[in-house]
Amino acid sequence: MSSTEHKAAVYLGVAKMVEQYTNELGTSATPAFVASLIEFVYNQIVLLGEDLEMFAAHGGREVVNTADVYLAVRRNEALEKALRVVHESLAGLQVQTDE
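Residues numbered from 1 in each chain as written. Predicted model: local features only at pLDDT ≥ 70, side-chain atom pairs only at ≥ 80, totals over all residues. Heavy atoms only, no water.

### Things to note about the overall build of the protein
As a reminder, the rule being used: Secondary structure elements are taken from DSSP: a helix is a run of H or I of four residues or more, a strand is a run of E of two residues or more, and numbering for both begins at the N terminus. All radius of gyration figures rest on C-alpha atoms, and the globule criterion is 2.2 Å times the number of residues raised to 0.38. Under the scheme applied here, a residue whose accessible area is under 20% of the maximum for its type counts as buried, over 50% as exposed, and between as partly exposed, the area being computed with a 1.4 Å probe on protein chains only. For this analysis, residues touch if any pair of their heavy atoms sits within 4.5 Å. Accessible surface is estimated by sampling points in the Shrake-Rupley manner with a 1.4 Å probe; for residues, cover comes only from the protein chains shown.
Looking only at helices and strands, the protein has four helices and zero strands in total. Helices and strands appear in the protein in the N-to-C order α-α-α-α. The C-alpha radius of gyration of the protein comes to 17 Å, more than 25% above the 13 Å expected for a compact globule of 99 residues. Buried positions account for 13% of the 99 residues belonging to the protein. A sequence separation of at least 24 residues applies to 29% of the contacts in the protein between residues at least 6 apart. As displayed, the protein has an accessible area near 7800 Å², and 61% of this comes from carbon and sulfur atoms.

Here it is in structure tokens:
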């Protein structure tokens, strides 16, 4: 997938979320706001990816693992907790399918 395709996917996802929330709130968002939000989200995703790659390289690995993700979100306790819940539930599913 090219960076253009990634950005298009982010555009679509963010635009849908903005539309959903503005409909729920009975308001609207300007195209300039949506464009700015898309740029912000895309840039954050790129930075996160770069951080994850660096954490894995520092650990002597070529593949990112869950420890790298937890390291990246260490300053956001709520996000770390939510990711751990999802990770544990997925690990439970993996154990069940291995039996």
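Alright, that's what it looks like, and here's the rest.
### As for the pattern of salt bridges
To keep things clear, this is the line we draw: For salt bridges, the criterion is a side-chain nitrogen of Lys or Arg within 4 Å of an Asp or Glu carboxyl oxygen.
According to the stated counting rule, one finds three salt bridges in the structure shown. A salt bridge links R61 to D68, with the shortest nitrogen-to-oxygen separation between them at 2.8 Å. Note on R61: relative accessible area 28%, which makes it partly exposed. The salt bridge involving R84 is made with E80; its shortest N-O contact spans 2.9 Å.

### What about the environment of V10?
Its place among the elements puts V10 in helix α1 (residues 3-25). Residue classification places V10 among the buried residues on the basis of a relative accessible area of 14%. Along the chain, V10 and I38 lie 28 residues apart, while their C-alpha atoms are 6.8 Å from each other. If sequence neighbours within four positions are ignored, V10 has contacts with I38, V41, Y42 and I45.

### Focus on the side chain of T22
When you line up the elements, T22 lands in helix α1. A residue is classified by how much of its surface remains accessible, and T22, at 14% relative accessible area, is buried. Once residues within four sequence positions are removed from consideration, T22 is found in contact with T27, S28 and A29.

### Remarks on α1
Under the convention used in this document: Here a helix's expected span is defined as the number of its residues, less one, multiplied by 1.5 Å.
Compared with the 33 Å implied by 1.5 Å per residue over 23 residues, the 32 Å span of α1 between its first and last C-alpha is a close match. If you check which residues of α1 are buried, you get V10, V14, V18 and T22. Of the surrounding secondary structure, the elements contacted by the buried residues of α1 are α2 (31-58). Just downstream of α1, G26 is the residue with a positive phi angle, here 70°.

That is the geometry; function is a separate question.
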